[in-house]
Amino acid sequence: RVFSLTRSSFAGQQRSGAALWSGDTSSTWDSMRRQVASAIAYQMSGIPYWSQDIGGFFRPKDQYTSPDYKDMLTRWFQFGVFTPIFQVHGYKSDTELWSYGEDVMHNINRSAINLRYRLLPYTYSGFARVEFEGYTMQRGLPMAFPQDLATRSIADEFMWGDAFL
């Protein structure tokens, strides 16, 4: 099968099967918040495969020592568990987890990576639905609860398949 990862998209692209990512983002809490809203928007437009650079692409010079960045990186990994494509990428950065110290590596492994692997059967079953039913695994709340009009203004919560909020 062809796999195309691109940061460019257009109306109707969901028919091509391309996977999209949000491009080169900054490493800030606000940028991570905006990635959640972007993920929901892509899914709502029918594009099932979306990704972002976990931890941001442009990272601070003190990324390996900053407690704030390490906390954000952990949270970004936890968000990444529930995205269709789970990728880490950074500019002029060693993104291997051991670069951030033992505590950060173990926290991310325990809270994110192990969960991602435990969810693989569920996730792969959902991806089969993507292929055969036009489904999306990451689902804006209006997709799951169309009668609830209040869900239309929620940009920081989503479903992962039918089971996880």
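Please read these numbers as outputs of a predicted model, since none were measured by experiment.

Q: When you look at the packing of helix 1 (residues 29-44) against helix 2 (residues 67-80) in this model, what are you seeing that I'm missing?
A: A pair of packed helices is captured by two measures, namely the crossing angle of their axes and the spacing between those axes. Contact geometry for helix 1 and helix 2: axes closest at 10 Å, N-to-C directions at 10 degrees. It follows from the interaxial angle that helix 1 and helix 2 lie roughly parallel. Only Asp68, Asp71, Met72, Arg75, Trp76 and Phe79 of helix 2 make contact with helix 1, whose side of the interface consists of Trp29, Ser31, Met32, Gln35, Val36 and Ala39. Split by residue class, the contact of helix 1 with helix 2 holds seven nonpolar, two polar and three charged.

Q: How do you make sense of the environment of Met105 when you look at a structure like this?
A: Tracing the sequence through the fold places Met105 in helix 3 (residues 102-118). The exposure class assigned to Met105 is buried, which follows from its relative accessible area of 15%. The sequence separation of Met105 and Thr74 amounts to 31 residues, and the corresponding C-alpha distance is 8.8 Å.

Q: Help me out: how do you make sense of the side chain of Gln43 in this one?
A: Considering the arrangement of structural elements, one finds Gln43 in helix 1. You can call Gln43 buried: its relative accessible area is 0%. Ignoring sequence-local partners within four residues, the contact set of Gln43 consists of Pro48, Trp50, Pro84, Thr136, Met137, Gln138 and Met143.

Q: Can you help me understand unusual backbone geometry in this one?
A: Phi is mostly negative for residues that are not glycine, and the peptide bonds are mostly trans. If you check the backbone angles, Lys92 has positive phi at about 50 degrees while not being a glycine. Among the secondary structure elements, Lys92 is positioned in the loop between helix 2 and helix 3. Classification of Lys92 as exposed rests on a relative accessible area of 71%.

Parameters at a glance
Per chain, residues are indexed from 1 in the order of the written sequence. Totals for whole chains, interfaces and linings use all residues, but because this is a predicted model, local features are given only for residues with pLDDT of at least 70 and pairs of side-chain atoms are given and counted only at 80 or more. Remark: hydrogens and water are excluded; side-chain values derive from all non-hydrogen atoms of the structure. Each axis is a line fitted through C-alpha atoms, and for a helix only the stretch in contact is used; angles between axes span 0 to 180 degrees, taken between their N-to-C directions. We count a stretch as a helix when DSSP gives it H or I for four or more residues in a row; a strand needs E for two or more, and each element gets its number in order from the N terminus. When describing relative orientation, an angle under 35 degrees is termed roughly parallel and one over 145 degrees roughly antiparallel, while 65 to 115 degrees is termed roughly perpendicular and anything else oblique. For this analysis, residues touch if any pair of their heavy atoms sits within 4.5 Å. Each residue gets one label: Ala, Val, Leu, Ile, Met, Phe, Trp, Tyr, Cys and Pro are nonpolar, Asp, Glu, Lys and Arg are charged, and the others, such as Gly, are polar. Burial status follows relative accessibility: with a 1.4 Å probe on protein chains alone, a residue under 20% of its type maximum counts as buried, one over 50% as exposed, and anything between as partly exposed.

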